[in-house]
Amino acid sequence: MTSGTDGTDGTDPGGAVAQEALRLAEAVSDWARSTHPNPGDARPDAETSRDTDPPSAERTAGRSCGCHESGAVDSVCRVCPICRVATVVQAIQPEALERVADVLAMFAGSLNAVAEDRRAGARNPTPSSPAKPEHTDIPVSGDTDDEGGAP
Amino acid sequence: MLPRLVLVGGAGGAGASTCAAGIAAAYAADGRRVSLATLDGCAGAGDLVSEATVSRLGAGAPRPDLSAARGAMDLAGLDPRLIDELGGLPGRELVGVLWALADAPEHDLVVIDAGARVVDLVQLAGMLPWFVQGVLPAQRGWLTATRPLLAAAVGRRWPGPDTADALRAVYEATVRARDRLLGGTTATVLVMGDDASARAKTRWLARGLSLHDAYPRVVARRQGSTFGVSPVLPDVPVWDLPATADDTVQCGVSGLPDLTAPPDRARDIRADGQDMLWRMALPLIDSQNLRLTQEGDDLVLEAHGHRRLVGLPTALRRCRPAGALLRHGILEVRFRPTQQEQAT
């Protein structure tokens, strides 16, 4: 990985994290395909079998994603990473899904820890998250006697 | 303008329930339709006035449908019973009164016997819309835009338009309750007890009410009360309750204090050169005990253990606070436009 993608040169590390997330999704997808042969296969080489028997992948993806509602064609749905992950998630057994969830939670926790370490170690700390409201104390002067009364 | 709501509070044992029942009965005898709500489940004002003349606010009203909330909890992997148990925690009476107030008949006079929890009630009334507004975005559109993977994974099991509509209805109900309670046609009556700490307790409650725009219109006390002659709250008249031998308040409307004119709740924005001054009434609070903070688009006021969060007007959200002056019961917060704003 180059310094341009890991954010160490000052670029936004969000892109690198997104790429890693996509790679993780791909890896989960490959793993699920090898473990559960029945779930739908969105790869182009599965085109032949799809002609005769629409795989469950399309059906499940159609149920779980919004591509079909927005008028997107199936080919878009097949390459859409969201649809592909959704297809896998729909097809995996709940028990296996729980294990995947555990792994993902561990992975997310690790990413958080790494991000926290890097933020703390940065020479110029990044500004606080925009979601965190700005906090400003306002000095108050005036009456020190509360008997000022009602207006 | 006649009051649409009379809020009666006071420290425990001060006689707030007796006072609330007397006011409700007096207006009912005068021909007004009166609804009574009480926060005290035991020996509240409801036990002191006939149900034939004064109806009970919220009696028989349908309970809010929590099935959507339970479904959302289940979906999130949480125990749906949490929702039911939340409804059993202390404080549910406050929410129940506000919920009933939101749908109270428009022309009824509502009398609320809030007792020692009068500040809690007005604080919750102000905060509930803020809380509900905070969870409003948590609907499908928001989830799809910000967490597409999660939205795709949960598919149509995620609470859909029905839940969004239900949340919106809850938000509108909280706004109606807040506007009814703090909208300017409410008269607050604070009842003062007769014990050694009565004065301090009454002033503490009054400060909380001041912070929440519900400063007392009248201080009531039992006849023959032994507290001193000096007014407990500046510029607030004292009403000697016409109590009878059986410790009830019986009087006609003519015997009631003037509750018709709402107190001056000055809150406006004035230009002062380049600056803007945001003014609000804040009687009985001094500058040394007031802590003022801007958090995002909200102004947080803390005084004497009370706290209030006020949404900033849109015009001031692009300004920076430059100090505040609290004088003669009026707080002026000075806001200075940012350089970017000045350039435009």
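Residues numbered from 1 in each chain as written. Chains lettered and ligands numbered in written order. Predicted model: local features only at pLDDT ≥ 70, side-chain atom pairs only at ≥ 80, totals over all residues. Heavy atoms only, no water.

**Student:** Outline the overall build of chain B, listing residues and values.
**Tutor:** Scanning chain B for helices and strands turns up 10 helices and 14 strands. A total of 344 residues make up chain B; the buried ones form 47% of that total. Put simply, of all contacts in chain B between residues at least 6 apart along the chain, 64% involve residues at least 24 apart. Working note: accessible area of chain B is about 16,600 Å², and carbon and sulfur atoms make up 53% of it. (Helix = DSSP H or I, 4+ residues; strand = E, 2+ residues; numbered from the N terminus. Buried < 20%, exposed > 50% of the residue type's maximum accessible area, 1.4 Å probe, protein only. Contact = heavy atoms within 4.5 Å. Areas by Shrake-Rupley, 256 points an atom, 1.4 Å probe, with all protein chains shown as cover.)

**Student:** Break down the overall build of chain A for me, citing the residues and quoting the values.
**Tutor:** The secondary structure content of chain A amounts to 7 helices and 2 strands. Listing the helices and strands of chain A from first to last along the sequence gives α-α-α-α-α-α-α-β-β. Expressed as a percentage of its 151 residues, the buried residues of chain A come to 25%. Total accessible area on chain A is roughly 10,000 Å²; 57% of this is exposed by carbon and sulfur atoms.

**Student:** Tell me about the nonpolar core, and name the residues and values.
**Tutor:** All names here are of chain B. Counting residues in hydrophobic clusters, the biggest one holds 39 residues, and the most contacted among them are Leu 7, Leu 98, Leu 101, Ile 112, Leu 121, Leu 181 and Leu 233. When contributions to this core are tallied by element, the ones reaching two or more residues are strand S1 (5–10), helix H4 (92–102), strand S4 (109–115), helix H5 (118–135), helix H8 (161–182), strand S5 (186–192) and helix H9 (198–211). Each residue touching Leu 121, except ones within four places of it in the same chain, is listed here: Leu 7, Leu 94, Val 97, Leu 98, Ile 112, Ala 114 and Leu 181. Ala 20, Ala 28, Val 34 and Val 189 belong to the second largest nonpolar core, which has 29 residues in total. (Core = buried A, V, L, I, M, F, W, Y, C linked by side-chain atoms within 4.5 Å.)

**Student:** Break down the pattern of salt bridges for me, with residues and values.
**Tutor:** Residue and element names in this part refer to chain B. The final tally for this structure, using the stated rule, is 21 salt bridges over all chains. Here Arg 176 and Asp 103 are joined by a salt bridge, their closest N and O atoms 3.0 Å apart. Placement of the pair is Arg 176 in helix H8 and Asp 103 in the loop between H4 and S4, with a sequence separation of 73 residues. The salt bridge partner of Asp 268 is Arg 279, with a shortest N-O separation of 3.8 Å. (Salt bridge = Lys/Arg side-chain N within 4 Å of Asp/Glu carboxyl O.)

**Student:** Go over H9 of chain B, please, and point to the residues and values.
**Tutor:** Residue and element names in this part refer to chain B. Here H9 contains 14 residues, and its C-alpha end-to-end distance of 20 Å stays within 8% of the 20 Å for a straight helix at 1.5 Å per residue. Across the 14 residues of H9, 10 count as buried, placing the element largely inside the fold. Buried within H9 we find Ala 198, Thr 202, Arg 203, Leu 205, Ala 206, Arg 207, Gly 208, Leu 209, Ser 210 and Leu 211. Just downstream of H9 lies Asp 213, where phi reads positive at about 65°. (Expected span 1.5 Å × (residues − 1).)

**Student:** Outline the environment of Ala 21 of chain B, listing residues and values.
**Tutor:** All names here are of chain B. Relative to the helices and strands, Ala 21 is located in helix H1 (residues 16–29). Ala 21 sits in the buried class, given a relative accessible area of 6%. With 33 residues separating them along the chain, Ala 21 and Val 54 place their C-alpha atoms 9.2 Å apart. In this structure Ala 21 touches Ala 45, Leu 48 and Val 49, once residues within four positions along its chain are discounted.

**Student:** Account for the side chain of Arg 217 of chain B, naming residues and giving values.
**Tutor:** Residue and element names in this part refer to chain B. Topologically, Arg 217 is positioned in the loop between H9 and strand S6 (218–222). Overall, the relative accessible area of 18% leaves Arg 217 in the buried class. Polar side-chain contacts of Arg 217 include one of 3.5 Å to the side chain of Asp 258. (Polar contact = N/O pair within 3.5 Å; in protein donor to acceptor, adjacent residues only side chain to side chain.)

**Student:** Before we move on, can you summarise the sheet that holds strand S8 (residues 267–272) of chain B with the specific residues and values?
**Tutor:** Taken together, the 5 strands give an open sheet; going across it, the order is S2(A)-S13(B)-S14(B)-S9(B)-S8(B), and neighbouring strands pair in mixed fashion. Here the strands that pair on one side only, and so sit at the sheet edges, are strand S2 (140–142) of chain A together with S8 of chain B. Between one strand axis and the next, the sheet turns through 25° on average, direction left out of account. (Pairing = 2+ DSSP bridges. Axes fitted to C-alpha atoms, helices over the stretch in contact; angles between N-to-C directions.)

**Student:** Tell me about unusual backbone geometry, and name the residues and values.
**Tutor:** Residue and element names in this part refer to chain B. In this structure, Leu 284 takes a positive phi of about 70° despite not being glycine. Counting through the fold element by element, Leu 284 comes out in the loop between strand S9 (275–281) and strand S10 (290–295). The exposure class assigned to Leu 284 is buried, which follows from its relative accessible area of 1%. Phi angles above zero are rare outside glycine, and His 304 is one such case at about 55°. With respect to the helices and strands, the residue His 304 is situated in the loop between strand S11 (298–303) and strand S12 (306–311).

**Student:** Hey, could you go over the side chain of Thr 202 of chain B for me, with residue numbers and the actual values?
**Tutor:** Residues and elements named next belong to chain B. Looking at the secondary structure, you find Thr 202 in helix H9. Looking at Thr 202, the relative accessible area reads 4%, which means it is buried. If near-sequence neighbours (up to four positions away) are discounted, Thr 202 is found in contact with Leu 190, Met 192 and Val 232.

**Student:** For the pairing of strand S14 (residues 330–337) of chain B, give the residues involved together with the corresponding values.
**Tutor:** Residues and elements named next belong to chain B. Looking at chain direction, S9 and S14 are connected through 6 bridges and run antiparallel. In the sheet register, Ala 281 faces S14, and the bridge partner there is Ile 330. Where strand S13 (residues 319–327) lies against S14, 7 bridges are found, and the strand directions are antiparallel. From the neighbouring strand, Cys 319 faces S14, where its bridge partner is Pro 337.

**Student:** Run through the sheet that holds strand S1 (residues 135–138) of chain A, naming residues and quoting values.
**Tutor:** A sheet is described by the order of its strands in space; here 4 strands give the open sequence S1(A)-S10(B)-S11(B)-S12(B), paired in antiparallel fashion. Each edge of the open sheet carries a strand with a single partner, namely S1 of chain A together with S12 of chain B. For this sheet, the mean inter-axis angle between neighbouring strands, taken without regard to orientation, is 20°. The pairing of S1 of chain A with S10 of chain B spans 4 bridges and is classified as antiparallel. Residue pairing for S10 of chain B: His 135 of chain A is matched across the bridge by Glu 295 of chain B. Here H9 of chain B sits on the sheet in contact with S11 and S12 of chain B, set at roughly 10° to S12 of chain B.

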